[in-house]
Amino acid sequence: MRDHSGLLHKLYSGALLEGGLTGVLSDLATLYPDLPISYQAQCVYENTLYDCAMFNHGEGAEFKLSRAVSPNPLPPIALRCDPSHVVYTGDFISAAEVEKTDFYHEFMKDHGEINRAFGVILHRQGKDSAFVAANLPRAMKSREEEHVRRLFGFLRPHLQNAFGLLLELAKREAVPANPGFWLDQIPTAAVLVLPDGKVTHFNDQAERFLQNSRLIYTDRTVRLSARTCKLQNQLQAALKKASGTSLPVGPVPLNATGSGGPFFFVMPVQHNDVVHPGFAPFLTPTLPLLVTFFDPADAPRPSEKILSAAFGLTERECLVIQQLILGSSLKEAADALQISYNTARNHLASAASKTGARSQADIVRRGTHLLAKLGDGPR
């Protein structure tokens, strides 16, 4: 076997400096030009790729893989195997069986006649997995195949360690910076919690609210708790749903009747502009949640403050949404705020991402509904 000390150096330095494994895989593919190599982070049951890099597969392989309709029979093996070993797909599905699948004829046959693979499982969580694979062409001989197996046996712990390092860095980047500062900018009771309800930060309004509320409090483990079983179940369900779907949940009423009185929202705090898409699926359950409490009996608040508190929008994003709620087109909103159309469009896209809205009409509907409950209307 060749001396791969240079590859190991590139592996760890690339993980730190480049933020990914594609550099070392590119070098590996150059050393072995006849070996199709790939890195994929995906849902293993669907061709849903969060991140992908393919080498020696031929032109257009990544694009064709992302557009494939037939299910790939190999990725689900990632959930059934032992990550402490190099995975050989032939132990789970034979090459002959692979060649009978629709996916083989749709993709593999045209890209090296791949019918088996050696793989290193980098990380797996739920139905998602990240892995590096040496995809073996049908014509590869047993001697060459054994060389690839030994090569991946040598690289396996280093690939896993490098990916673990990248994932840890991504976790740290996903933690909101200075949460105490931006919580204080929210004009209502706001609490930052982990998915299990443990409180990490709260603003002054939340401190007063939790001290005086007959409904919600923090228990001895510093977790957000309710004083009735029904409300406790609702609180836990809202936290679980927001964490699992990465979408806002609410309004959830705090009273027994389910109508009128105070209520709360739960919103995942995600830094989609910071977290690499290849790591995001493995971080979502640990990302913090913003819980905001509202009481309609309080004095009316300016609508931009309400939108900011409920959805975590910036001032500019709130102003764009206000203009849309008033009936302006996006271009008219941009003109009214004296910003470019592209800037207004970026504010709208960011606001839609934070609120979970799927369209401009959807975000206007959500904002209108919220302001009808709490606000004095857009100004």
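Residues numbered from 1 in each chain as written. Predicted model: local features only at pLDDT ≥ 70, side-chain atom pairs only at ≥ 80, totals over all residues. Heavy atoms only, no water.

What follows deals with the overall build of the protein chain. Broken down by element type, the protein chain carries 14 helices and 12 strands. Each of the 379 residues in the protein chain was classed as buried or not, and the buried ones make up 47%. (Helix = DSSP H or I, 4+ residues; strand = E, 2+ residues; numbered from the N terminus. Buried < 20%, exposed > 50% of the residue type's maximum accessible area, 1.4 Å probe, protein only.)

Right, let's get into the nonpolar core. Judged by nonpolar contacts, the single largest core of 36 residues is most densely connected at Leu 28, Leu 122 and Phe 163. For this core, the elements supplying multiple residues, two or more each, are α1 (5–17), α2 (22–31), β1 (37–43), β2 (48–55), β4 (114–125), β5 (128–137) and α6 (142–174). The biggest single contributor to this core is α6, with 10 residues. Among residues more than four places away in sequence, those in contact with Leu 28 are Leu 7, Ile 37, Leu 151, Phe 152 and Leu 155. The next biggest cluster of nonpolar side chains, apart from the first, holds 23 residues, and it includes Leu 307, Cys 318, Ile 325 and Ala 357. (Core = buried A, V, L, I, M, F, W, Y, C linked by side-chain atoms within 4.5 Å. Contact = heavy atoms within 4.5 Å.)

Of all 6 residues in strand β12 (residues 289–294), 6 are buried, a share of seventy percent or more. Taking every second residue as pointing to the same face, both faces of β12 are buried, with Leu 289, Val 291 and Phe 293 on one and Leu 290, Thr 292 and Phe 294 on the other. Alignment of strand β6 (residues 189–193) against β12, held across 5 bridges, turns out to be antiparallel. Note that in β12 the partner of Val 193 across the bridge is Leu 289. Pairing geometry for strand β11 (residues 263–268) and β12, over 6 bridges, is antiparallel. The partner of Phe 264 across the bridge, within β12, is Phe 293. (Pairing = 2+ DSSP bridges.)

In terms of residue burial, β1 counts as a mostly covered element, since 7 of its 7 residues are buried. Between β1 and β2, which follow one another and run antiparallel, lie 4 residues. Inspection of the sheet shows β1 paired to β5 by 7 bridges, in the antiparallel sense. Residue pairing in the sheet places Ala 41 in a bridge with Ala 130 of β5.

Neighbouring strands of a sheet are bound in pairs by backbone hydrogen bonds; such pairs are parallel or else antiparallel. Spatially, 5 strands are ordered β2-β1-β5-β4-β3 in an open sheet, and the strand pairing comes out antiparallel. Looking at which strands have only one partner, the edges of the open sheet turn out to be β2 and β3 (87–88). Two strands pair when backbone bridges link them, and β3 and β4 are joined in this way by 2 bridges, in the antiparallel orientation. Bridging across to β4, Val 87 finds its partner in Gly 119. Against the sheet, α2 contacts β1, β2 and β5, and its axis sits at roughly 35 degrees relative to β2. (Axes fitted to C-alpha atoms, helices over the stretch in contact; angles between N-to-C directions.)

Applying the stated criterion across every chain yields a total of 7 salt bridges. A salt bridge links Glu 146 to Arg 149; its shortest N-O distance comes to 2.6 Å. With Glu 146 and Arg 149 both in helix α6, this residue pair falls 3 residues apart, about one helical turn. Exposure remark for Arg 149: the relative accessible area of 37% places this residue in the partly exposed category. In this structure, the salt-bridge partner of Asp 335 is Lys 331, at a minimum N-O distance of 3.4 Å. Of this pair, Asp 335 and Lys 331 are both found in helix α12 (residues 330–337), 4 residues apart, which corresponds to roughly one turn of the helix. (Salt bridge = Lys/Arg side-chain N within 4 Å of Asp/Glu carboxyl O.)

Leaving glycine out, the prevailing phi sign among residues is negative, and the prevailing peptide bond configuration is trans. In this model, Gly 250 is joined to Pro 251 through a cis peptide bond whose omega is 5 degrees. Within the secondary structure, Pro 251 sits in strand β10 (residues 249–253). At Asn 56, a residue that is not glycine, the phi angle is positive and equals roughly 65 degrees. Mapped onto the elements, Asn 56 comes out in the loop between β2 and α3 (61–66). We note that Val 222 has phi near 60 degrees; this positive angle belongs to a residue other than glycine. Inspection of the secondary structure assignment puts Val 222 in the loop between β8 (216–218) and β9 (224–226).

This brings us to the packing of helix α11 (residues 315–325) against helix α13 (residues 341–355). Following both chains from N to C, one finds α11 and α13 inclined at 95 degrees, their axes separated by 9 Å at the closest point. Between α11 and α13, the angle is such that the two are roughly perpendicular. On α13, the residues that touch Arg 316, Glu 317, Val 320, Ile 321 and Leu 324 of α11 are Ala 344, His 347, Leu 348, Ser 350, Ala 351 and Lys 354. By residue class, the composition of the contact of α11 with α13 is 6 nonpolar, 2 polar and 3 charged. (Parallel < 35°, antiparallel > 145°, perpendicular 65-115°, else oblique. Nonpolar A, V, L, I, M, F, W, Y, C, P; charged D, E, K, R; others polar.)

Within the open sheet, the 5 strands sit side by side as β7-β6-β12-β11-β10. Their pairing is antiparallel. Looking along the sheet, the strands with just one partner apiece sit at the ends: β7 (199–202) and β10. Strand-to-strand, the axes of this sheet are offset by a mean angle of 25 degrees, without reference to chain direction. Contacts from helix α8 (residues 204–212) reach β6, β7 and β12, with the element oriented near 95 degrees to β6.

This part takes up the packing of aromatic side chains. Taken as a whole and assessed by the stated rule, the structure comprises 7 aromatic pairs. Summarising the aromatic geometry, the rings of Phe 264 and Phe 293 are spaced 5.9 Å apart at their centres and angled 50 degrees between planes, so their arrangement reads as tilted. Remark: Phe 293 occurs in strand β12 and Phe 264 occurs in strand β11; sequence separation between them is 29 residues. A residue is classified by how much of its surface remains accessible, and Phe 264, at 0% relative accessible area, is buried. Aromatic rings pair up to connect Phe 163, Phe 279 and Phe 282 into one cluster. (Phe/Tyr/Trp six-rings, centres within 6.5 Å; stacked < 30°, edge-to-face > 60°.)

Note that all results are geometric; they support no functional claim without further evidence.
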